[in-house]
Amino acid sequence: MPFDVVTFGEAMIRLSPPNFRRLEQATSLDLMVGGAELNTAVGLARLGRKSAWVSRLTNNPLGRLIANRAREAGVSSEHVLWTEEDRVGVYFLEFGAAPRASSVLYDRKNAAIAGVKPGMIDWKKVFEGTKWFHVTGITPALSASAAETTREALAAARAAGAKTSIDLNYRAKLWTPAEAGKWMKPFMAQTDVLITTEEDVEKVFGITGKNYEEIAAKTAGEFKLSMVAITLRENPLVWKNAWTAILFHQGKTLRTHTYEVEIVDRLGAGDSFAAGLIHGLLDGDAQKALDYGVAASAIKHSIPGDFNWITRGEVETLLKGGGLRISR
């Protein structure tokens, strides 16, 4: 079945102690599923797009739980590669409150996705009729073979005529800036749209500027990218932030509304931005893409878990200036 968007990457079991407890205090853990590319596929499905998520999962109850949650959210798992080997990754999320920041503890070494290798996935079949391919810098950070498979996927997507986007998503716990630059710089030649932050651009590409607009323009020029989106967060408090983004396109910088967000759960917000952005770009409207990306991700801050359980109607209401009165 052809898809509007295909994403590729890891998803993990997320475990969090409730009520702002430290992990050392925990007597129970709330279970969620999350992973950058799956989160983006979910956001697109919730906006009405046909989306599929490609990964490698261990065929055990935890792997099946992840695939089940993807399907529950409207995402196809038909191209997931199943294995009897390896394991499913887990991460622990500890919610903080000012002055203590939230923190993540990973337990993902030797996860099944790290064992993915070129040739394992039939990308020609995956991309048949697909309009868009999305991946993040997290996937190639998992292992050298995962990085090679990411390269293979980008090339196959381009060969199939699909547009491509990468969220740079630098993770210091997975690789160094030098390692990230070694892989991500060549990937830019096969990328149409880059999604990033000013911090990640500096760490991975060494690009700086006097403001966000200059950074986006320099990045687009350096790698001949069609578009560069930079998300912008001001976080004076852990649970209250200002959230927006800019989009550099055809020599101009597009802007949109800045939202004051009261945060229930910020994980997955950047992935929700990617989903809204891709949704608008599939309609050929860069301003709509930026508007939808920021609005959808603003709402995500109010929803527990990594998945953005939004509706397109909710995003459109927010874009029209919807207020905070109870909806009834």
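Refer to the structure presented above.
Within each chain, residues carry numbers counting from 1 in the order of the written sequence. Local features in this predicted model are restricted to residues whose pLDDT is 70 or higher, and side-chain atom pairs enter the listing and the counts only when it is 80 or higher, whereas totals over whole chains, interfaces and linings include all residues. Side-chain measures here rest on the full set of heavy atoms in the structure, leaving out hydrogens and waters.

J.: Residue-level account of the packing of helix α7 (residues 198-205) against helix α8 (residues 212-223), with values.
T.: Helix axes use the C-alpha atoms of the stretch in contact, all axes being lines fitted to C-alpha atoms, and the angles between their N-to-C directions lie in the range 0 to 180 degrees. The helix and strand labels rest on DSSP assignments: H or I over at least four residues marks a helix, E over at least two residues marks a strand, and numbering proceeds from the N terminus. Contact geometry of α7 with α8 gives a least axis separation of 10 Å together with a crossing angle of 40 degrees. Taken as axis vectors, α7 and α8 run oblique relative to one another. Between α7 and α8 lies a crossing of left-handed hand. Between α7, through E198, V201 and F205, and α8, the contact on the second element is made entirely by Y212, I215, T219 and F223. Angles below 35 degrees are treated as roughly parallel, those above 145 as roughly antiparallel, those between 65 and 115 as roughly perpendicular, and all remaining angles as oblique. Left-handed is the label given to a crossing in which the near helix is rotated counterclockwise from the far helix by less than a right angle, and right-handed is the label when the rotation is clockwise. Any two residues having at least one pair of non-hydrogen atoms within 4.5 Å are treated as being in contact.

J.: Outline the packing of helix α10 (residues 286-300) against helix α11 (residues 312-319), supporting the account with residue identities and numerical values.
T.: In contact at an axis separation of 9 Å, α10 and α11 are set at 105 degrees when each is read in the N-to-C sense. By the angle class used here, α10 and α11 are roughly perpendicular. Seen from α10, the contacting residues are D291, Y292, A295, A296, A298 and I299; seen from α11, they are R312, E314, V315, E316, L318 and L319. Charged means Asp, Glu, Lys or Arg here, nonpolar means Ala, Val, Leu, Ile, Met, Phe, Trp, Tyr, Cys or Pro, and polar covers whatever is left, Gly included. When the residues that make up the contact of α10 with α11 are grouped by side-chain class, the tally is eight nonpolar, no polar and four charged.

J.: Can you explain the nonpolar core? Please cite residues and give values.
T.: To qualify as a nonpolar core, a set must consist of buried Ala, Val, Leu, Ile, Met, Phe, Trp, Tyr and Cys residues joined through side-chain atoms within 4.5 Å. Think of it in three bands: residues with accessible area under 20% of the maximum for their type are buried, residues over 50% are exposed, and the middle band is partly exposed, with areas taken using a 1.4 Å probe on protein chains only. Core analysis: the largest hydrophobic core is formed by 47 residues, its most contacted members being F8, F133 and F205. When sequence neighbours within four positions are dropped, the list of residues in contact with F8 reads E37, V54, I113, V116, I121, W123, F133, H134, V135, T139, T149 and T150. Counting residues in each nonpolar core, the second largest holds 33 residues, with L44, A245, A274 and I278 among its members.

J.: Lay out unusual backbone geometry in plain terms, naming residues and giving numbers.
T.: Between A98 and the following residue, P99, the backbone shows a cis peptide bond with an omega angle of 10 degrees. Here P99 lies in the loop between β7 (90-94) and β8 (103-107). Of note in the backbone geometry, N169 takes a positive phi value of approximately 45 degrees without being a glycine. Tracing the chain through its elements places N169 in the loop between β10 (163-167) and α6 (177-187). Here N169 falls in the buried class, since its relative accessible area comes to 10%. The backbone of K224 shows a phi angle near 55 degrees, a positive value even though the residue is not glycine. Residue placement: K224 occurs in the loop between α8 and β12 (227-237). What makes K224 exposed here is its relative accessible area of 75%.

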